[in-house]
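# Fold and contact review
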Amino acid sequence: MSFHVRRKDREITDPNEMHTVLRDTKYVTVALCMDNAPYLVSLSHGYDQTKNCLYFHCAPEGKKLVYAKANPNVWGQAVLDFGVTEECDYAYTSVQFSGKLSLITDLTEKVHAMKVLVHQVSLNPEEKLSKIKPEKT
């Protein structure tokens, strides 16, 4: 089955524009599924353009991890919300993506992921990173 964007004039096909949305949005929403039951969660994230990878930080247990372990395939959406225009249209840009959610166990990669995430979500990332304890990564 094939789907297409209804408004081709608004479709984003430029990878750099897609990267910008993933980098500039405050959070992404990720859909997971287990035993034919969907679960949707919005998460702050860090986008590593070089690896074309999203990083999330979460507690070591919880519903999203149970779902991800049962089925690592995810669908997600990032939205830049520009609000209502003068013409009463709603202005936004969105990127849809699919991928596999995996847990990072390597400490070096965990530290890298935390740096990427904090640089994206914090106004003062170096100050925040200096306060992170290794056991929190």
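This text goes with the structure placed above it.
Everything numeric here is computed off the predicted structure, so don't read it as measured data. Starting from 1, residues in each chain are numbered consecutively following that chain's sequence as written. Reporting in this predicted model follows two pLDDT cut-offs: at least 70 for local features of residues, and 80 or more for side-chain atom pairs to be given and counted; totals over whole chains, interfaces and linings ignore these cut-offs and use all residues. Hydrogens are left out, water is left out, and the side-chain values use all remaining heavy atoms of the structure.

## Focus on the packing of aromatic side chains
Each aromatic ring pair is characterised by the separation of its centres together with the angle its planes make. Going by this rule: A pair of aromatic rings is counted whenever rings of Phe, Tyr or Trp (Trp by its six-membered ring) have centres within 6.5 Å, and the orientation is called stacked for planes under 30 degrees apart, edge-to-face for over 60 and tilted otherwise.
Summed over all chains, the structure comprises 2 aromatic pairs. Aromatic side chains Y90 and Y92 sit 6.5 Å apart centroid to centroid with 45° between the ring planes, which places their arrangement in the tilted category.

## Some thoughts on the environment of S130
Selection rule: We count a stretch as a helix when DSSP gives it H or I for four or more residues in a row; a strand needs E for two or more, and each element gets its number in order from the N terminus. Accessibility here uses a 1.4 Å probe with only protein chains present; expressed as a share of the type maximum, an area under 20% marks a residue as buried, one over 50% as exposed, and anything in between as partly exposed.
Relative to the assigned elements, S130 resides in helix 4 (residues 125–131). Assessed through its relative accessible area of 60%, S130 is described here as exposed. C-alpha separation for the pair S130 and D48, spaced 82 residues apart in sequence, amounts to 20 Å.

## Topic: the layout of surface pockets
Operational definition: Here a cavity means grid points, on a 1 Å grid over the protein atoms only, where a 1.4 Å probe fits yet cannot get out; a pocket means an open set of points with protein on both sides within 12 Å along at least five of seven lines; lining residues are those with an atom within 4 Å of a point. Grid points are joined across faces, edges and corners, and a volume is the space filled by probe spheres set on the points. Side-chain classes are defined by residue name, with Ala, Val, Leu, Ile, Met, Phe, Trp, Tyr, Cys and Pro counting as nonpolar, Asp, Glu, Lys and Arg as charged, and the others, Gly among them, as polar.
Approximately 1,000 Å³ is the volume found for the largest pocket. Forming the boundary of the largest pocket are 38 residues, of which L54, Y55, F56, S102 and I104 lie nearest the centre. Of all the elements in the fold, those that place two or more residues in the lining of the largest pocket are helix 1 (15–24), strand 1 (28–34), strand 2 (37–43), strand 4 (53–55), helix 2 (63–70), strand 6 (90–100) and helix 3 (107–121). Ranked by residue count, the leading element in the lining of the largest pocket is strand 6, at 6 residues. For the lining of the largest pocket, a count of residues per class yields 24 nonpolar, 8 polar and 6 charged. Looking at the second largest pocket, its volume works out to about 670 Å³. Along its surface, the second largest pocket is lined by 15 residues, and V5, R10, E11, Y92 and S94 are the ones closest to its centre. It is strand 6 that provides the largest number of residues to the lining of the second largest pocket, a total of 7 residues.

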